[in-house]
Amino acid sequence: MKKLLISAILSFGLIIALQAQQQRFMVFEFMKVESNQTYDFMEFKEFMDKVYQAAINDKRITGWDLWSLQSGADIGEFQYITITYYKDPVSMMNGLEEEDLIRYAMIAHPHLNENQARKRFSDAQSSRDLAQRVYMKEIATTKDSFQFKKGTLASFDMMKAVEGKFEEYEKAEREVFQAIHQSRIDKGLMGSWSLLRTALPFGSEAKTTHLTMNIYKDYLQFFNAQEYEDMESTKEQQMAIEKGLKSRDQKWVYLATLENAIR
């Protein structure tokens, strides 16, 4: 009996560990780049691609994306979105300090000494402004094998759950909307979908509490998905959708194209 109990505890611990490994933690940074600084920013982006690859090789992060904004609430507010992926919340909150980036820059670009690497980062500060940073935890995702590559299209839907209805909202996303997106993926109308919750404490004045990432391989798939209507949905499913919509406020929708994904 004692052996069975120990075995059950170990199995439960393994399940918890596996679930923790599957979770993703992400930092979204919304970048503003003036039109006359675009070339400098893209040149710096190519420099940073190798820097982030060095950070991945050192297991400090698990990935990094750069997205160019196509449309949104105010396209003049920012033009690029970066996503840095972490394996756990502690790594995410510690992030990559300037000294880390300098070290990885010298690894990725061995022809640079420390002073030269620092100058590259110093010069880059003038080409971009950080408009907003958001820390997120992935809490639901579809079953898919989508591979991110240049040209991938994403709809970032910024949500604010109605106060007092957080559980109701997340339940609706998992039980109603996730199933809808999974059906679209199975039909080849979508690449991937995931639901993220802010990883930091927030109050009633928070602008965003959740975010959904709707991923498409290209514009053709995106527009086909917009035209698609699930004719098999039942009356009960339609009622569940309407109830789910009432549990949150869709604040903004940003459409963006992937410029590069480092893994």
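The structure we're discussing is the one just above.
Keep in mind that what you see is a predicted model, and the values were worked out from it rather than measured.

Draft legend 1. Seen up close, the overall build of the chain. Helix and strand content of the chain: eight helices and eight strands. Across the 263 residues of the chain, 43% fall into the buried class. Residue pairs in contact within the chain that sit at least 24 positions apart in sequence constitute 81% of those at least 6 positions apart.

Draft legend 2. Just the packing of aromatic side chains, in detail. Within this structure, the stated rule accounts for 15 aromatic pairs. With a centroid separation of 5.4 Å and an interplanar angle of 85°, the aromatic rings of Trp67 and Phe156 are classed as edge-to-face. Pair noted here: Trp67 is in strand β2 (residues 63–71) and Phe156 is in strand β5 (residues 153–161), with a separation of 89 residues, a long-range link. Accessibility classification places Trp67 together with Phe156 in one group, the buried group. Seen in terms of ring centroids, Tyr216 and Phe222 are 5.2 Å apart; in terms of plane orientation they differ by 85°. Their pairing is edge-to-face. Of the two residues, Tyr216 and Phe222, neither departs from the other in class, the shared state being buried. Just above the ring of Tyr104 sits the side chain of Arg103; from NZ or CZ to the centre is 4.6 Å. Positioned above the aromatic ring of Tyr85 is the side chain of Arg263, whose terminal nitrogen or guanidinium carbon lies 4.6 Å from the ring centre.

Draft legend 3. The packing of helix α2 (residues 38–57) against helix α5 (residues 114–124), seen in detail. Packing of α2 against α5 leaves a shortest axis separation of 11 Å and a crossing angle of 140°. By the angle between their axes, α2 is oblique relative to α5. The crossing of α2 and α5 is left-handed. Residues Glu43, Phe44, Phe47 and Met48 of α2 form the contact with α5, whose own contacting residues are Arg120, Phe121 and Ala124.

Draft legend 4. Structural view of the nonpolar core. Among the nonpolar cores identified, the biggest contains 31 residues, and Phe47, Met48, Val51, Ile61, Tyr86, Leu96 and Phe121 are the most heavily contacted of them. Of all the secondary-structure elements, those providing two or more residues to this core are β1 (25–32), α2, β2, β3 (80–86), α4 (98–108) and α5. Of the residues forming this core, the biggest block, nine residues, is contributed by α2. Membership of the second largest hydrophobic core comes to 21 residues, among which are Ile81, Val134, Phe156 and Ile215.

Draft legend 5. Broad picture of the environment of Phe41. Position of Phe41 relative to the elements: it lies in helix α2. Every residue in contact with Phe41, bar those within four places of it in the chain, is listed here: Val33, Leu66, Tyr80, Ser127 and Arg128.

Draft legend 6. Structural view of the pairing of β2. The buried fraction of β2 is high, at seven of nine residues. When β2 meets β3, the two strands line up antiparallel, connected through six bridges. Looking at β3, one finds that Trp64 is bridged to Thr84.

Draft legend 7. Inspection of the layout of surface pockets at higher detail. Reported here for the second largest pocket is a volume of approximately 680 Å³. The wall of the second largest pocket is formed by 29 residues, among which Glu29, Tyr52, Leu101, Arg128 and Arg133 lie closest to the centre. Among the elements of the structure, β1, α2, β2, β3, α3 (89–94), α4, α5 and β4 (129–141) are those that each provide at least two residues to the lining of the second largest pocket. Partitioned by chemical class, the residues of the lining of the second largest pocket number 16 nonpolar, six polar and seven charged.

Draft legend 8. Quick peek at the environment of Thr198. Within the secondary structure layout, Thr198 lies in strand β6 (residues 192–198). Residue classification places Thr198 among the buried residues on the basis of a relative accessible area of 14%. Contacts of Thr198, omitting those with residues within four sequence positions, involve Tyr135, Met136 and Thr209. For Thr198, the side chain forms a polar contact with the main-chain oxygen of Tyr135, separated by 3.5 Å.

Draft legend 9. Representation of the environment of Thr212 within the structure. If you trace the backbone, Thr212 turns up in strand β7 (residues 210–216). Put simply, Thr212 and Leu195 are 17 residues apart on the chain and 4.6 Å apart in space, counted from C-alpha to C-alpha. Among residues more than four places away in sequence, those in contact with Thr212 are Ser155, Phe156, Asp157, Met159, Tyr169, Glu173, Trp193, Ser194 and Leu195.

Draft legend 10. Quick peek at the pairing of β6. Of all seven residues making up β6, six are buried, and the element is well covered by its neighbours. Judged from the five bridges that link them, β4 and β6 form a sheet pairing that is antiparallel. From the neighbouring strand, Ala140 faces β6, where its bridge partner is Leu195. By the bridge criterion, six bridges tie β6 to β7 in an arrangement that is antiparallel. From the neighbouring strand, Leu195 faces β7, where its bridge partner is Thr212.

About the criteria used
- The written sequence of each chain sets the order in which its residues are numbered from 1.
- Local features are withheld for residues below a pLDDT of 70 in this predicted model, meaning they are given only at 70 or higher, and side-chain atom pairs are given and counted only at 80 or more; totals for whole chains, interfaces and linings count all residues.
- The side-chain figures draw on all heavy atoms in the structure; neither hydrogens nor water molecules are used.
- Only DSSP runs of H or I covering at least 4 residues are called helices, and only runs of E covering at least 2 are called strands; the numbering of each starts at the N terminus.
- Accessibility here uses a 1.4 Å probe with only protein chains present; expressed as a share of the type maximum, an area under 20% marks a residue as buried, one over 50% as exposed, and anything in between as partly exposed.
- Contact between two residues is taken to exist if any of their heavy atoms lie within 4.5 Å; hydrogens are not considered.
- Here a pair means two rings of Phe, Tyr or Trp (six-membered ring of Trp) with centres within 6.5 Å. Their orientation is stacked below 30 degrees between planes, edge-to-face above 60, and tilted elsewhere.
- Either the NZ atom of lysine or the CZ atom of arginine qualifies as a charge over a ring when it sits within 6 Å of the ring centre and within 35 degrees of the ring normal.
- Each axis is a line fitted through C-alpha atoms, taken for helices only over the stretch in contact, and angles between the N-to-C directions span 0 to 180 degrees.
- Comment on the angle field: the value is read as roughly parallel under 35 degrees, roughly antiparallel over 145, roughly perpendicular from 65 to 115, and oblique elsewhere.
- Each crossing gets its handedness from the near helix: less than a right angle anticlockwise from the far helix is left-handed, clockwise is right-handed.
- Put simply, buried Ala, Val, Leu, Ile, Met, Phe, Trp, Tyr and Cys residues joined by side-chain atoms within 4.5 Å make one nonpolar core.
- If DSSP finds at least two bridges between two strands, the strands pair.
- Of the two site types, the cavity is a set of points on a 1 Å grid over the protein atoms alone where a 1.4 Å probe fits but cannot get out, and the pocket is an open set with protein on both sides within 12 Å along at least five of seven lines, each lined by residues with an atom within 4 Å of a point.
- Grid points are joined across faces, edges and corners, and a volume is the space filled by probe spheres set on the points.
- When residues are sorted by character, Ala, Val, Leu, Ile, Met, Phe, Trp, Tyr, Cys and Pro go into the nonpolar class, Asp, Glu, Lys and Arg into the charged class, and all the rest, Gly among them, into the polar class.
- Under this definition, polar contacts are N or O atom pairs within 3.5 Å; protein pairs additionally need one hydrogen-donor-capable and one acceptor-capable atom, and for neighbouring residues in sequence, both atoms have to be side-chain atoms.

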